[in-house]
Amino acid sequence: TAVEDLHEGRLAESQLDWLETILKENSEAGSLLFLHHPLVWNGDQTTEASERLFDILAKSDVISIHSGHLHTTGINHIGKIPQFTIDSLAFGVDHTKDMVNYTDRNSYNTYAIREQEIFSKTIYVNPNAKVVWTLTNEENERYTIEHYGR
């Protein structure tokens with residue numbers, strides 16, 4: 001989903017062609033899909049892709065989707081498929097109504113699959129995180145565009 005000079009994610013039709021071909025062959029335990037950018041976050045689509053992506057997923061044996069990019073942990077759903085967004089080993093990000101707090105929190109996730117059901121556990125390397133940098137939402141948006149593009 002990563003595209004040069006674009007902060008948000010994108011899936012091109014050629015990538016969807018590839019994904020559709022790969023997912024036509026079912027896995028005994030179900031398939032896991034890993035992406036850099038989450039497809040959705042808090043109900044909003046966050047990766048640019050056609051509706052075809054969601055049709056491909058609905059017809060597939062994908063039992064979970066995994067992404068990073070946001071440097072925070074969360075679970076969203078695409079239809080019945082859980083999407084796990086995981087923290088980072090580099091730094092954490094916490095959003096409030098008006099501020100974005102960058103922290104020294106870092107973690108990784110472990111997963112267990114039983115009978116096509118997935119279980120996630122977050123392991124915190126630095127559980128006592130401190131805020132190391134704070135920006136307003138507007139400052140964060142400007143910084144992101146300046147350094148990473150739209």
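On to the overall build of the protein chain. The helix and strand inventory of the protein chain stands at 3 helices and 13 strands. Whereas a compact globule of 150 residues would reach a radius of gyration of roughly 15 Å, the protein chain reaches 17 Å, a difference of no more than 12%. Dimensions of the protein chain, computed from C-alpha atoms along their principal axes, come out at roughly 45 × 30 × 25 Å. The proportion of buried residues among the 150 residues of the protein chain is 39%. Pairs at least 24 residues apart make up 56% of the contacts formed inside the protein chain by residues separated by at least 6 positions. Counting every atom, the protein chain has about 9,400 Å² of accessible surface; 51% of that belongs to carbon and sulfur.

Reading across the sheet, the 4 strands line up as β2-β6-β8-β7 and stay open at both edges, with mixed pairing between neighbours. The sheet terminates laterally at β2 (31-34) and β7 (74-78), the two strands that pair on one side only. With direction set aside, neighbouring strand axes in the sheet form an average angle of 25 degrees. Of the strand pairs in this sheet, β7 and strand β8 (residues 81-85) are connected by 5 bridges, and their pairing is antiparallel. Across the sheet, Ile 78 pairs through a bridge with Ile 81, a residue of β8.

Per the stated rule, a full pass over the model turns up 4 aromatic pairs. Ring geometry for Phe 91 against Tyr 102: centres 5.8 Å apart, planes inclined by 45 degrees, an arrangement best described as tilted. Of the two residues, Phe 91 sits in the loop between β8 and β9 (92-95) while Tyr 102 sits in strand β10 (residues 99-103), which places them 11 residues apart along the sequence. The exposure class assigned to Phe 91 is partly exposed, which follows from its relative accessible area of 31%. Following the ring pairs from residue to residue traces out a cluster consisting of Phe 91, Tyr 102, Trp 133 and Tyr 143. When the ring centre of Phe 119 is taken as reference, the NZ or CZ atom of Arg 114 above it lies at 4.6 Å.

Within helix α1 (residues 13-23), the full set of buried residues consists of Leu 16, Leu 19 and Leu 23. When α1 is viewed along its axis, its buried side chains cluster within an angular range of 60 degrees and face the same direction. For α1, exposure combined with an orientation more than 90 degrees from the buried face picks out Ser 14, Trp 18 and Thr 21. On its buried face, α1 sits against β2, α2 (51-58) and β6 (62-67).

Basis of the calculations
Residues numbered from 1 in each chain as written. Predicted model: local features only at pLDDT ≥ 70, side-chain atom pairs only at ≥ 80, totals over all residues. Heavy atoms only, no water. Helix = DSSP H or I, 4+ residues; strand = E, 2+ residues; numbered from the N terminus. Rg over C-alpha atoms; globule rule 2.2 N^0.38 Å. Buried < 20%, exposed > 50% of the residue type's maximum accessible area, 1.4 Å probe, protein only. Contact = heavy atoms within 4.5 Å. Areas by Shrake-Rupley, 256 points an atom, 1.4 Å probe, with all protein chains shown as cover. Pairing = 2+ DSSP bridges. Axes fitted to C-alpha atoms, helices over the stretch in contact; angles between N-to-C directions. Phe/Tyr/Trp six-rings, centres within 6.5 Å; stacked < 30°, edge-to-face > 60°. Lys NZ or Arg CZ within 6 Å of the ring centre and 35° of its normal. Arc of directions from axis to C-beta.

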